[in-house]
Amino acid sequence: MLPNSQDRPESVLRIQGKATLNGHVSISGAKNSTLAIMAATLLCSGTSHIRNVPGIVDVQKMIEILKAVGVKVTSDRGALDIDAKHISQSHVPYDLVNQMRASFFVIGPLLARLGVARVPLPGGCAIGTRPVDLHVKGLQALGADVIIDQGIVQAYARKSRLQGAKIYLDYPSVGATETLMMAATLAEGETVIENCAQEPEVSDLANFCRSMGAKIRGAGSKTITIEGVPHLYSSDFSIIPDRIEAATFMVAAAITRSTITMSPVIPDHLTAAIAKLEEIGAKVVLESSSRIRVEGAPKYRHTHIETLPYPGFPTDMQAQFMALLTLSEGNSTVKETVFENRLQHVAELCRMGANIKLQGNIAVVTGVSALCGAPVMATDLRASAALVLAGLAAEGETHMQGLHHLDRGYDQIEAKLRGLGATLERQPVGSE
Ligand code: UD1
């Protein structure tokens, strides 16, 4: 069942500290692949069957967006059937887009399919301003007139089809690469996108588009070439495992000094996280091509982390690793270069006894011998995961609010942690 966080009373997650975890955890399908692939189903004038879909609120929101433009969506036990034969609307309502930035990614497929798309600017969010200038410039290069009026990005194809083009991205933005790759699948002629994002989710999206008949080469490298085709067709596709969820459980093993196995994973997608865990002293064992074991250690060394586009260290793992480094010996540094305001968990970790000093976009983390449970507030999705991890390791009980962030991107995280032996439960605020 996909969760729906709306209408729920505000809850608090009570996490018992000093947890010892043990056992195996199943990794769900990748959130970021799923959201882009759901947008891409708009390119197909048939039905897409998508499997291994995570049960998270962001997926529910993307379903609402697809329905808002007239698409039929049915979900059943981790699979979605998306029938985009008829799209009745080129306009996406503001109240859906402002809840989730990834909803802006429908602009490329809508424009390619209908010749017109009107999507509100996603606006700011907790981790930074996150503009869409690279999406807009690329769509213009593909032959669209784009006007931004009263906060709505309105794109109109100048000809009946978008036109293939050479596009250089000033920055390897994941979303812009995906928007432009999707738009170019139905364009007339060849599109070459240079300085692309190389994230595995971009490759997964390309594989899905290829399963519908798109001609795409080079996804996963810095240059993607798309030969436009007039139509895309029904397909059946399974989403890759979520590397960020897997890496979060890897840190869960390390921070609680426990042993956890997890599958399915694609170890190549976890290279940066594995390297950092091994560098500080955790043991990581590849049990098979899709199964990994992490063994925590009694003590960890310090390290230096800088977030970068893939294959660099993922910004989506920065907060979780920072939680771990609060309990590692010596002075570690964590530099956030991808988003300008993604260090709000620092203050919350300090409430739990961490010693972290902020110098601009660099957090200097001096290891402490223990964290202590405290009331904390999740400020964004990955910050919420970091606080859960810190709470599992801390002495005493942690009460975390802001659970809508956690629900956006982690499929049944409490049940999965309970299955590993953690004690945590959700209660209405005020009842604890
Ligand atoms: C995606 C992921 C998110 C991840 C991020 C970076 C999804 C749904 N979300 O977000 O989990 O943290 O990649 O790995 O896939 N930028 C611009 N102009 C643009 C686009 C982006 O300046 O037109 C900037 C952003 O403000 C940010 C940086 O580029 O500072 C990276 O953003 P981007 O790679 O686009 O991230 P998203 O696609 O939003």
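Small disclaimer: the values here were computed from a predicted structure and weren't measured.

1. Things to note about the sheet that holds strand 9 (residues 166-168)
Within the open sheet, the 4 strands sit side by side as 9-10-12-11. Their pairing is mixed. Each having just a single partner strand, strand 9 and strand 11 (215-217) make up the two edges of the open sheet. The mean inter-strand angle of the sheet, taken between neighbouring strand axes irrespective of direction, is 15°. Across the sheet, helix 6 (residues 174-185) touches strand 9, strand 10 (190-194), strand 11 and strand 12 (223-227), and the angle it forms with strand 12 is around 20°.

2. Section: the sheet that holds strand 4 (residues 72-76)
In space, the 4 strands of this open sheet follow the order 4-5-3-13, with mixed pairing throughout. The open sheet is flanked by strand 4 and strand 13 (235-238), the only strands paired with a single partner. Pairwise comparison of adjacent strand axes, ignoring direction, gives a mean angle of 15° for this sheet. Pairing between strand 3 (residues 47-51) and strand 5 (residues 79-83): 4 bridges, direction antiparallel. Residue Thr47 lies in a different strand from strand 5, and its bridge partner there is Asp83.

3. Topic: the domain arrangement of the protein chain
When cut into domains, the protein chain gives domain 1 (5-28 + 241-428) and domain 2 (31-238). In this assembly, 25 residues from domain 1 lie in contact with 20 residues from domain 2. When domain 1 packs against domain 2, the two sides together hide about 2000 Å² of surface, and 48% of this comes from carbon and sulfur. Where domain 1 touches domain 2, the interface holds 2 salt bridges. Run the count over domain 1 and domain 2 and you get 6 residue pairs in polar contact (both at pLDDT 80 or more). Among the elements of the structure, helix 12 (381-393) and helix 13 (403-409) are those that each provide at least two residues to the side of domain 1 that touches domain 2. Broken down by element, the side of domain 1 that touches domain 2 gets its largest block of residues, 3 residues, from helix 13.

4. Side note on the site of the ligand
Close contacts around the ligand come from 20 residues, with Arg101, Asp133, Ser173, Asp316 and Val338 the closest. Interatomic distance of 2.8 Å between a backbone N/O atom of Leu134 and an oxygen atom of the ligand. Measuring from an oxygen atom of the ligand, one finds a backbone N or O atom of Gly175 at 2.8 Å. Summarising the interface, the protein chains cover 88% of the accessible area of the ligand, which totals 750 Å² for the free molecule. Looking at the shell around the ligand, the elements that each hand over two or more residues are helix 5 (133-141) and helix 6. No other element matches helix 5, which puts 3 residues into the shell around the ligand. Here the residues of the shell around the ligand are counted per class, giving 9 nonpolar, 5 polar and 6 charged.

5. Points about the environment of Cys196
In this structure, Cys196 sits in the loop between strand 10 and helix 7 (200-211). The class of Cys196 is buried, set by a relative accessible area of 0%. Placed 28 residues apart in sequence, Cys196 and Tyr168 show a C-alpha to C-alpha distance of 8.1 Å. Contact partners of Cys196, with chain neighbours within four places excluded, come to Leu169, Pro172, Thr177, Ser221, Lys222, Thr223 and Ile224.

6. As for the side chain of Gln427
In this fold, Gln427 is placed in strand 23 (residues 424-428). Overall, Gln427 belongs to the buried group, its relative accessible area being 15%. At a separation of 3.3 Å, a polar atom in the side chain of Gln427 contacts the side chain of Arg14.

7. Describing the packing of aromatic side chains
To describe a pair of aromatic rings, one takes the distance between the centres and the angle between the planes. Applying the stated criterion across every chain yields a total of 2 aromatic pairs. Geometrically, the ring pair formed by Phe208 and Phe237 is edge-to-face, given 5.5 Å between the ring centres and 70° between the ring planes. Of this pair, Phe208 sits in helix 7 while Phe237 sits in strand 13; the two residues are 29 residues apart in sequence, bridging distant segments of the chain. Residue Phe208 shares its accessibility class with Phe237, and that shared class is buried. Ring centres of Phe313 and Phe321 lie 5.0 Å apart, and the angle between their planes is 90°; this geometry places the pair in the edge-to-face category. Judged on exposure class, the residue Phe313 and its partner Phe321 are both buried.

8. A word on the packing of helix 1 (residues 31-40) against helix 2 (residues 57-68)
Between helix 1 and helix 2, whose axes approach to 10 Å, the crossing angle comes to 5°. When the axis of helix 1 is compared with that of helix 2, the two are roughly parallel. Two secondary-structure elements touch here, helix 1 through Lys31, Thr34, Leu35, Met38 and Ala39 and helix 2 through Asp58, Val59, Met62, Ile63 and Leu66. Here the residues of the contact of helix 1 with helix 2 sort into 7 nonpolar, 1 polar and 2 charged.

9. Brief notes about the side chain of Thr261
If you trace the backbone, Thr261 turns up in strand 14 (residues 259-263). Residue Thr261 is classed as buried on the basis of its relative accessible area of 10%. In contact with Thr261, other than residues within four places in its own chain, are Gly23, His24, Val25, Glu287, Arg291, Ile292 and Arg293.

10. As for the pairing of strand 4
Summarising the sheet, strand 4 and strand 5 pair through 5 bridges and their orientation is antiparallel. Paired with Asp76 across the bridge in strand 5 is Ala79. Between strand 4 and the antiparallel strand that follows it, strand 5, lie 2 residues; Arg77 among them carries a positive phi value of about 40°.

Calculation criteria
- Residues numbered from 1 in each chain as written.
- Predicted model: local features only at pLDDT ≥ 70, side-chain atom pairs only at ≥ 80, totals over all residues.
- Heavy atoms only, no water.
- Pairing = 2+ DSSP bridges.
- Helix = DSSP H or I, 4+ residues; strand = E, 2+ residues; numbered from the N terminus.
- Axes fitted to C-alpha atoms, helices over the stretch in contact; angles between N-to-C directions.
- Contact = heavy atoms within 4.5 Å.
- Domains from an automatic or database assignment.
- Buried area = accessible area lost by both parts, 1.4 Å probe.
- Salt bridge = Lys/Arg side-chain N within 4 Å of Asp/Glu carboxyl O.
- Polar contact = N/O pair within 3.5 Å; in protein donor to acceptor, adjacent residues only side chain to side chain.
- Near = heavy atom within 4 Å.
- Areas by Shrake-Rupley, 256 points an atom, 1.4 Å probe, with all protein chains shown as cover.
- Nonpolar A, V, L, I, M, F, W, Y, C, P; charged D, E, K, R; others polar.
- Buried < 20%, exposed > 50% of the residue type's maximum accessible area, 1.4 Å probe, protein only.
- Phe/Tyr/Trp six-rings, centres within 6.5 Å; stacked < 30°, edge-to-face > 60°.
- Parallel < 35°, antiparallel > 145°, perpendicular 65-115°, else oblique.

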